[in-house]
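Here is what each chain is made of, one letter per residue.
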Amino acid sequence: MKPGAATREQRLSNLLSREENECIFSLFGARCESLATTVVQVFVTSAPEHCDWTKLDAGVLCLVKDHQKRSYYFRLYCPDRRCLVWEHEVYNSMQYNAPRPFLHTFEAQDCIVAFNFANEEEASWFRTILLNKLETKKQRREKRLRNSYHAREQQYSKPPTYTSSNGVVSSGNKYSVSNLHLHSSEGTPNNKDAKKNKKKDNKRFTKADIGIPKDFRHISHVGWDINKGFDASVSNEECPEMKEFFQKAGVSAIQLQDRETRD
């Protein structure tokens, strides 16, 4: 018989008779099935150094799929006592090693566990089934993560939609319209402000609004004398700018003193 031949959704061990296999399967309970069945010795390391191996027990090892607990388990049964003597859950990141064809090891919660198989062919079959299940679980987890990531990405990429009181559905920023009104109201003054500004512009100035001169300097003086005519001086000195101005106008100094020119 091929190792792992299935009957009633259970995989048999060639090292056991059909009756012995059925006896082990009857200890499973509801909704449990054996994916691989074989005969082993179980060894564990001793804390704290974990350098020495200690034989834990011997019996029939089953890789059990527990549908109620939705997980996989190593479960060791004793045919003579007809009971479960040891179990360990198969965790997702398990590194299931085979340093020898008949010896498999993995890291448990507080020790290292070793399975010493009675048959190398069943040992190889047992490991193949376990690794396939671990890989399948890994792919399912990665697929769920990808789907979850894409769902979040699509959710954030779509603009939110809002429904107003009149049943109109709009998308985008629900505050955009109010923001436009806010900006327009800030940018356009109301009638009261316009009237106030107009009153300020029409306000008449009085003497009180005119300040006293600062940094006053006497640069030039252009006066009129009835006898001398135009008098242009800068601090009792002739101003070259004024002389140039009269020369360009074609008025000589004699003409400035002429009464007819002044009239």
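Residues numbered from 1 in each chain as written. Predicted model: local features only at pLDDT ≥ 70, side-chain atom pairs only at ≥ 80, totals over all residues. Heavy atoms only, no water.

Enquirer: Help me understand the environment of Cys-83 in this model?
Expert: Mapped onto the fold, Cys-83 is located in strand 6 (residues 83–89). Under the relative-accessibility criterion, Cys-83 is labelled partly exposed at 27%. Distance from Cys-83 to Ile-24, taken between C-alpha atoms, is 8.4 Å for residues 59 residues apart in sequence. Once residues within four sequence positions are removed from consideration, Cys-83 is found in contact with Leu-27, Leu-76, Tyr-77 and Cys-78. (Helix = DSSP H or I, 4+ residues; strand = E, 2+ residues; numbered from the N terminus. Buried < 20%, exposed > 50% of the residue type's maximum accessible area, 1.4 Å probe, protein only. Contact = heavy atoms within 4.5 Å.)

Enquirer: What's the story with the nonpolar core in this structure? I'm lost.
Expert: The nonpolar side chains of soluble globular proteins are, as a tendency, buried together. One finds Leu-63, Phe-74, Tyr-96, Phe-106, Val-113 and Phe-115 to be the most contacted residues of the largest nonpolar core, which totals 25 residues. At the level of elements, strand 3 (32–45), strand 4 (53–66), strand 5 (71–78), strand 9 (112–117) and helix 2 (120–157) are the ones that each hand at least two residues to this core. Core analysis: the second largest hydrophobic core is formed by 10 residues, Leu-12, Leu-16, Phe-25 and Val-60 among them. (Core = buried A, V, L, I, M, F, W, Y, C linked by side-chain atoms within 4.5 Å.)

Enquirer: Looking at this structure, how should I read the sheet that holds strand 4?
Expert: Taken in spatial order, the 7 strands make up an open sheet running 6-5-4-3-9-8-7, and their pairing is antiparallel. The open sheet has two edge strands, strand 6 and strand 7 (97–100), and neither has a second partner. The sheet shows a mean angle of 35° between the axes of neighbouring strands, taken without regard to direction. The pairing of strand 5 with strand 6 spans 6 bridges and is antiparallel. Paired with Phe-74 across the two strands is His-88, which belongs to strand 6. Sheet strands touched by helix 1 (residues 18–25): strand 3, strand 4 and strand 5. Its angle to strand 3, the strand with the most contacts, is close to 85°. Seen against the sheet, helix 2 touches strand 3, strand 4, strand 5, strand 7, strand 8 (103–107) and strand 9 and runs at an angle of roughly 110° to strand 3. (Pairing = 2+ DSSP bridges. Axes fitted to C-alpha atoms, helices over the stretch in contact; angles between N-to-C directions.)

Enquirer: For this particular structure, what's the right way to read helix 2?
Expert: It helps to recall that an α-helix has 3.6 residues per turn; residues three or four apart then point in one direction. For helix 2, spanning 38 residues, the distance from its first C-alpha to its last is 55 Å, which sits close to the expected 56 Å at 1.5 Å a residue. Packed against the buried residues of helix 2 are strand 2 (10–11), strand 3, strand 4, strand 5, strand 8 and strand 9. Near the N-terminus of helix 2, the side chain that reaches the backbone nitrogen of Glu-121, with its oxygen 2.9 Å away, is that of Asn-119. (Expected span 1.5 Å × (residues − 1). Polar contact = N/O pair within 3.5 Å; in protein donor to acceptor, adjacent residues only side chain to side chain.)

Enquirer: Would you mind showing me how to read the layout of surface pockets here?
Expert: Picture a little ball the size of a water molecule; that probe, rolled over the atoms, points out where space is still empty. Counted as a void, the second largest pocket has a volume near 360 Å³. In terms of lining residues, the second largest pocket is bounded by 14 residues, among which Arg-70, Ser-71, Tyr-72, Lys-137 and Arg-140 are the most central. Counting residues per element, the lining of the second largest pocket draws most heavily on helix 2, which supplies 6 residues. Residues of the lining of the second largest pocket, tallied by class, amount to 1 nonpolar, 4 polar and 9 charged. (1 Å grid on protein atoms, 1.4 Å probe; cavity = no way out; pocket = protein on both sides within 12 Å on 5 of 7 lines; lining within 4 Å. Points joined across faces, edges and corners; volume = space filled by probe spheres on them. Nonpolar A, V, L, I, M, F, W, Y, C, P; charged D, E, K, R; others polar.)

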